[in-house]
Amino acid sequence: MTKKQEMTQKQTNKTLQNPILKWIDDRLPIIGLLQREYIDYPTPRNVNYFWSFGAIATIMLLVMIVTGLVLAMQYTAHVDLAFSSVQRIMRDVNYGWLLRTIHMNGASMFFLAVYIHLYRGMYYGSYKKPRELLWILGVVIFLLMMATAFTGYVLPWGQMSYWAATVITNLFSAIPIIGEQVVAFLWGGFSVDNPTLNRFFVLHFLLPFVILAVVFLHIAALHVTGSNNPDGIDVKSARDTLPFHPYITSKDSLAILVFAIGYAMVVFYAPNFLNHPDNAIPANPLSTPEHIVPEWYFLPFYAILRAIPNKLLGVLGLFGGVAILFFLPFLDRSKIRSCRYRPLYRWLLWLFVIDTMFLGWLGSKPAEEPYILWARLGTVYYFGFFLVLTPLISLIERPAKLPASISEPVLKTSDHPRDS
Amino acid sequence: MVEAKIGGIESENNQGKSGQGKSGQGKHDQGKAEEHQASERREFLGLLAGATGAVGAAAFSWPLIDSLNPAKDVLALASLEVNLESLEEGQSITVKWRGRPVFIRHRTQEETKQAEETDWKKLRDPQSDSQRVKNPQYIVVVGICTHLGCVPLGQKEVAQRGEYGGWFCPCHGSHYDESGRARKGPAPLNLAVPPYEFIKDATIRIG
Ligand code: HEM
Ligand code: FES
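Engineer: How would you summarise the overall build of chain A if you had to cite specific residues and measurements?
Structural biologist: Looking only at helices and strands, one finds 16 helices and two strands in chain A. Radius of gyration (C-alpha) of chain A: 24 Å, near the 22 Å computed for a compact globule of 420 residues. Expressed as a percentage of the 420 residues in chain A, the buried residues total 50%. Expressed as a percentage of contacts within chain A between residues at least 6 apart in sequence, the contacts between residues at least 24 apart total 80%.

Set out below in structure tokens:
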């Protein structure tokens, strides 16, 4: 601990009025930590509502953990009982229908929040120095979420559950030579079966807590560098920031409320909108439904898989589509963070956003022309964006003029009594 | 080697007892050299302990990993007899073996002829029909698409059978011929032929 940190800790400690809190903090300096990280934490004053999606995602994680825990107390992880135990949750367990619809649609809302959070990071260059590790931890969370959602989707043991499990685990059969063994290892047998369901339940239970731990690291890394902001320039003076509480806490609360209203509308008015009817049919290992599609949040990657006519390359494309996010901080050579000041890259990025949505739509279509051709074009842009455009654009792009400080444009337009 | 090491530890202990250990005890050069040696030895011991621990942990991880592989009871349930007497020409049945579907089709004469006459050397997974059947009337294959594991269509007489008259996998559009060979789409391999034998004229044992 540096001298400076020590001093700030003493200071916060001194400001603790409550003798009990002070007593605790002298022995376990956690109150001061919370005070520093969630009350005093200086946040750039120009952050917009896109900065609330991290808080929204955190709330979603907690909602998933709480509802998941009580669902797990009613659920039976056995191929003969799983489907009916979920039906029992829906019909007989008190409020089981509510808990399950919250959990089921919560996965979608969680991904929605995280996707917006991720695009936000891309648009405002939050992955750039000094926040590379912060970004990489975020991609780790994203991967863990995918694994969690996938294993969770298998649990109700409907037709879609079963065939999603089969197709996704079979991706590993593309590994040369040892592929078949790897898949048998994942299954614990010769097909997706009881051992598979059992281990998926265990993993589905465990992974959210791993995510929680990585979220802590993610936030710890954030609080080292401080938050980025829509101008993408560094904080230069205290005038550039506001304390987290009450400014950001109130802003985030409003965002969370609005998000929760949307979430509640889905849960109460369209609980099965994102659900696939085939998942209301119990798993049948002898018959694949005519159209199998993954959950919407996997569709862009699924479209990449199907766009590539070779099995191994298709699988590499699918995993590569996620993995390439790890390298974004090192692929982007421009020093300017925010797309506000990057007149060319801004449009390429918007095109990228549209491209991922287009791929998502294609992923839900049957594997036939013209969708395959379009998916190929979309895939080319997806990888071209990361591997060619992002590294090269800064050679020709002439960035717009950055403001001198964060507070300059803000304070020019508003008379802020606090600062006068 | 061993003696030297013990010596090293002793000298370290002595130094520890005699107080500050490190510097300024008015020792001669030899003392310093010994100290240097001692720290090198300490490093080596640390490395040795670390390496032993790592090997131990790696060895212990094997039972953990292997416990996830197919268990003995799963491996044991692995043989199945099927009577094909009632299977008419042109009909197919699906049986479950090791938790997966096995397709058995009593091929028509044209189908068999077609399968045998295909120029198989040019296929992506080159196999002749005779390498894939025991009795050319019956084709027996594991009904799992070699792309990503869906069950192809084609067992029902009215079902889609794809462009090559065998099976068609709708998941990502793979076509198989009358011999279960991959002909079109992303499937890299032919439908697998399970181990089986004819134990009577029209009875097979799979597994
Ligand atoms: C990262 C957080 C989580 C995500 C993204 C997630 C996702 C999912 C998904 C997509 C389903 C399938 C819903 C359906 O179609 O019915 C599911 C089911 C389930 N999850 Fe989670 N989950 C999370 C956390 C948890 C936790 C922490 C637990 C338990 C401790 C849990 C327990 C369950 C159970 C028992 C089911 C089966 C019942 C059902 O289908 O509703 N989940 N989860
Ligand atoms: S699983 Fe059959 S084509 Fe993909």
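So much for the structure itself; the text now carries on.
Engineer: Talk me through the confidence of the model for chain B; I want residue IDs and the actual numbers.
Structural biologist: The predicted coordinates of low-pLDDT regions are not to be read in fine detail. Residues and elements named next belong to chain B. Residues at a pLDDT of 70 or more form 86% of chain B, whose mean pLDDT is 83. Looking across chain B, the model is least confident in helix 1 (residues 2–17), with a mean pLDDT of 45, and most confident in strand 4 (residues 138–142), with 93. Taken as a whole, residues 1–24 scores under 50 in pLDDT and shows 20 contacts with residues more than four places along the chain or in a different chain. Predicted complex metrics record ipTM = 0.75 and pTM = 0.85.

Engineer: Give me the coordination of the iron atom of ligand 1: which residues, what numbers.
Structural biologist: Tetrahedral coordination by four donors sets the ideal angle at the metal to 109.5 degrees; octahedral coordination by six donors sets it to 90 or 180 degrees. Residues and elements named next belong to chain A. Distances from the iron atom of ligand 1 to its protein donors, H103 (NE2) and H204 (NE2), fall at 1.9 to 2.0 Å. For the iron atom of ligand 1, the six donor atoms in the first shell make angles of 86 to 178° at the metal, so the coordination geometry reads as octahedral. Within this pair, whereas H103 is found in helix 6 (residues 96–123), its partner H204 is found in helix 10 (residues 194–225), the two being separated by 101 residues in sequence. Neither residue differs from the other here; H103 and H204 are each classed as buried.

Engineer: Go over the sheet that holds strand 6 (residues 174–177) of chain B with me, naming the residues and quoting the values.
Structural biologist: Residues and elements named next belong to chain B. Read across the sheet, three strands follow the order 5-6-7 without closing on themselves; strand pairing throughout is antiparallel. Strands with a single pairing partner mark the edges of an open sheet, and in this sheet they are strand 5 (165–169) and strand 7 (182–184). Direction aside, the axes of adjacent strands within the sheet are offset by 35° on average.

Engineer: Run through the environment of V192 of chain A, naming residues and quoting values.
Structural biologist: Residue and element names in this part refer to chain A. Counting through the fold element by element, V192 comes out in the loop between helix 9 (179–187) and helix 10. Under the relative-accessibility criterion, V192 is labelled buried at 2%. The spacing of V192 and T151 is 41 residues in sequence and 12 Å in space, taken between C-alpha atoms. Setting aside residues no more than four positions away along its own chain, V192 makes contact with W157, Y162, A165, T166, T169 and W187.

Engineer: Before we move on, could you go through the site of ligand 1 and cite the residues and values that matter?
Structural biologist: Residues and elements named next belong to chain A. Contacts to ligand 1 come from 25 residues, most closely from G68, R100, H103, P156 and H204. H103 is positioned with one of its side-chain polar atoms (N or O) 2.8 Å from a nitrogen atom of ligand 1. When contributions to the shell around ligand 1 are tallied by element, the ones reaching two or more residues are helix 4 (53–72), helix 6, helix 7 (132–154) and helix 10. When residues of the shell around ligand 1 are assigned to their parent elements, the largest contribution, seven residues, is made by helix 4.

Engineer: If you had to explain the domain arrangement of chain A to someone new, which residues and values would you point to?
Structural biologist: All names here are of chain A. When its domains are assigned, chain A resolves into domain 1 (41–232 + 241–294) and domain 2 (296–404). Measuring from the centre of the C-alpha atoms in domain 1 to the corresponding centre in domain 2 gives 22 Å. At the interface, 40 residues of domain 1 touch 41 residues of domain 2. Across the domain 1 to domain 2 interface the summed buried area is about 3,600 Å²; carbon plus sulfur atoms make up 71%. Here domain 1 is connected to domain 2 by two salt bridges. The partner of D332 in a salt bridge is K128, with the nearest N and O atoms 3.1 Å apart. Mapped onto the side of domain 1 that touches domain 2, the elements with two or more residues apiece are helix 6 and helix 7. Tallying contributions element by element places helix 7 first for the side of domain 1 that touches domain 2, with ten residues. Among the residues making up the side of domain 1 that touches domain 2, the classes are represented as 29 nonpolar, six polar and five charged.

What counts as what
- Residue numbers restart at each chain and count upward from 1, following the sequence in its written direction.
- Think of it this way: whatever chain is written first is A, whatever ligand is written first is 1, and the rest follow in order.
- Local features in this predicted model are restricted to residues whose pLDDT is 70 or higher, and side-chain atom pairs enter the listing and the counts only when it is 80 or higher, whereas totals over whole chains, interfaces and linings include all residues.
- Derived side-chain values reflect all non-hydrogen atoms in the structure, with water molecules and hydrogen atoms excluded from consideration.
- Counting from the N terminus, the helices are DSSP H or I runs at least four residues long and the strands are E runs at least two residues long.
- Using C-alpha atoms as the atom set, the radius of gyration is obtained and then compared with a globule rule of 2.2 Å times the number of residues to the power 0.38.
- Exposed residues in this analysis have more than 50% of their type's maximum accessible area, buried residues have under 20%, and partly exposed residues fall in between, with area computed by a 1.4 Å probe over protein chains only.
- The contact rule is simple, with two residues in contact once any of their heavy atoms fall within 4.5 Å.
- The predictor rates its confidence in each residue with pLDDT, a number between 0 and 100.
- The rule for donors is simple: N, O or S, within 2.8 Å of the metal, or within 3.2 Å if the metal is Na, K or Ca. Water isn't counted, so a site may look like it is missing partners.
- Only four donors with every angle between 85 and 135 degrees are called tetrahedral; only four or six donors with opposite donors over 155 degrees apart and all others between 65 and 115 are called square planar or octahedral, in that order; all others are irregular.
- DSSP bridges decide pairing: two strands pair if at least two such bridges lie between them.
- Axis definition: a line fitted to C-alpha atoms, over the contacting stretch in the case of helices. Angles run 0 to 180 degrees between N-to-C directions.
- Think of it this way: one heavy atom of a residue within 4 Å of a molecule or strand is enough to make that residue near it.
- Polar contacts, as counted here, are pairs of nitrogen or oxygen atoms within 3.5 Å of one another; within protein the pair requires one atom able to donate a hydrogen and one able to accept it, and residues that are adjacent in sequence qualify only if both atoms are side-chain atoms.
- By convention here, the domain bounds are inherited from an automatic or database domain assignment.
- Accessible-area loss on putting two parts together, using a 1.4 Å probe and summing over both, is the definition of buried area adopted here.
- Should a side-chain nitrogen of Lys or Arg be within 4 Å of a carboxyl oxygen of Asp or Glu, the pair is scored as a salt bridge.
- Lys, Arg, Asp and Glu make up the charged group, whereas Ala, Val, Leu, Ile, Met, Phe, Trp, Tyr, Cys and Pro make up the nonpolar group; the residues left over, Gly among them, are polar.

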